[in-house]
Structures are given as structure tokens and as C-alpha cells.
Amino acid sequence: MPQIKPELVHLPMTVYEFLNIFKWDLDWKYEVLEKLKLISVLAQPLNHLSFGTWQRVNLVQAVSQKPRLLVVDEPTQGLDVDWQ
């Protein structure tokens, strides 16, 4: 997960489109999206996301293939206290 938000101005893609690049089980996808409270931002363009929301979207992508082990360095960087 990147610790900075890349400049996404030239990437005309919604959160939904970005997450659909990665092939995964739909039930698992929606379970993760609900837990991270991201259902409401699926239609938003990536360049409209706050840094904290972008981090949560990256976390969804990171767990999309149900890895047995996920090693992250400072995964709460940029998240407010409630999400940390």
C-alpha cells in the first residue's frame, strides 16, 4: 500500500472500476467493502477521494485475493483515529 496518494487526475476511473480490475469472489468483495464502509464511494472518481479513503481502497485491493499473509508497513498512515 503506498504511503502517499498518487496524482490520479489523469486516471478517469471510479472506485468500482478500479476494484474490478482485480478478479475476486463477489461475496468476499462486498464483505470487505462493507467492513471498510466503502460501498457509498464506489461511484466516486479516484481523484475525488481523501487520502484516508484512498488507503482503505488500497486495503480492499490488497486483500482481494485472500492472501494467507499480508505484510504492511504503517497501514494506518493517513487514517483518522476512528479508522486506525
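Residues numbered from 1 in each chain as written. Predicted model: local features only at pLDDT ≥ 70, side-chain atom pairs only at ≥ 80, totals over all residues. Heavy atoms only, no water.

Peer 1: Would you mind showing me how to read the overall build of the protein chain here?
Peer 2: A count of helices and strands for the protein chain gives three helices and zero strands. Listed N to C, the secondary structure of the protein chain is α-α-α in terms of helices and strands. The burial tally for the protein chain puts 31% of its 84 residues in the buried class. Taking the intrachain contacts of the protein chain between residues at least 6 apart in sequence as the baseline, contacts between residues at least 24 apart amount to 72%. Here the protein chain has roughly 5,700 Å² of accessible surface; of this, 56% comes from carbon and sulfur atoms. (Helix = DSSP H or I, 4+ residues; strand = E, 2+ residues; numbered from the N terminus. Buried < 20%, exposed > 50% of the residue type's maximum accessible area, 1.4 Å probe, protein only. Contact = heavy atoms within 4.5 Å. Areas by Shrake-Rupley, 256 points an atom, 1.4 Å probe, with all protein chains shown as cover.)

Peer 1: Just checking my understanding: could you explain a nonpolar patch on the surface for this structure?
Peer 2: A surface patch of nonpolar side chains, about 370 Å² in accessible area, is lined by Tyr16, Leu26, Tyr30 and Ile39. Among the secondary structure elements, Ile39 is positioned in the loop between helix H2 (26–35) and helix H3 (51–62). (Patch = residues over 30% accessible without salt bridge, like charges linked within 9 Å, V, L, I, M, F, W, Y side chains within 5 Å. Salt bridge = Lys/Arg side-chain N within 4 Å of Asp/Glu carboxyl O.)

Peer 1: How should I be thinking about the packing of aromatic side chains in this particular structure?
Peer 2: What characterises a pair of aromatic rings is the spacing of the ring centres plus the angle enclosed by the ring planes. Enumeration over the complete set of coordinates arrives at one aromatic pair. Where Phe18 meets Trp54, the ring centres are 5.7 Å apart and the plane angle is 45°; that geometry is what we call tilted. Taken together, the residues Phe18 in helix H1 (residues 15–19) and Trp54 in helix H3 connect sequence positions 36 residues apart. The exposure classification of Phe18 matches that of Trp54, with both residues buried. (Phe/Tyr/Trp six-rings, centres within 6.5 Å; stacked < 30°, edge-to-face > 60°.)

Peer 1: Just to check I follow, could you spell out the side chain of Ser64 for this structure?
Peer 2: Of note, Ser64 is situated in the segment after H3. By relative accessible area, which is 5% here, Ser64 ends up buried. Side-chain polar atoms of Ser64 contact the backbone oxygen of Gln61, separated by 2.9 Å. Beyond its immediate sequence surroundings of up to four residues, Ser64 is in contact with Phe22, Trp24 and Trp28. (Polar contact = N/O pair within 3.5 Å; in protein donor to acceptor, adjacent residues only side chain to side chain.)

Peer 1: Could you clarify how one ought to interpret the pattern of salt bridges in this entry?
Peer 2: Once their charged atoms are close, side chains differing in charge can pair, the charge on each being opposite to the other. Under the defined criterion, the tally for this structure stands at one salt bridge. Glu31 serves as the salt-bridge partner of Lys35, at 3.4 Å between the closest nitrogen and oxygen. Of the two residues, Lys35 and Glu31 are both situated in helix H2; the distance of four residues between them amounts to about one turn of the helix.

Peer 1: Hey, could you run me through H2 in this one?
Peer 2: Spacing of three or four residues puts side chains on the same side of an α-helix, whose turn is 3.6 residues. Buried residues of H2: Lys29, Val32 and Leu33, and no others. For H2, the angular spread of buried residues about the axis comes to 100°, placing them on one side. Exposed and facing more than 90 degrees away from the buried side of H2 are Asp27, Glu34 and Lys35. Buried residues along H2 sit against H1 and H3. Looking one or two residues beyond H2, the residue adopting positive phi is Lys37, at roughly 55°. (Arc of directions from axis to C-beta.)

Peer 1: I'm lost on the nonpolar core in this one. Help?
Peer 2: Soluble, globular proteins show a tendency: their nonpolar side chains are buried together. Residues Val15, Leu19, Leu38, Leu49, Val57 and Val60 are the most contacted members of the largest nonpolar core, which totals 16 residues. At the level of secondary structure, the elements contributing two or more residues to this core comprise H1, H2 and H3. (Core = buried A, V, L, I, M, F, W, Y, C linked by side-chain atoms within 4.5 Å.)

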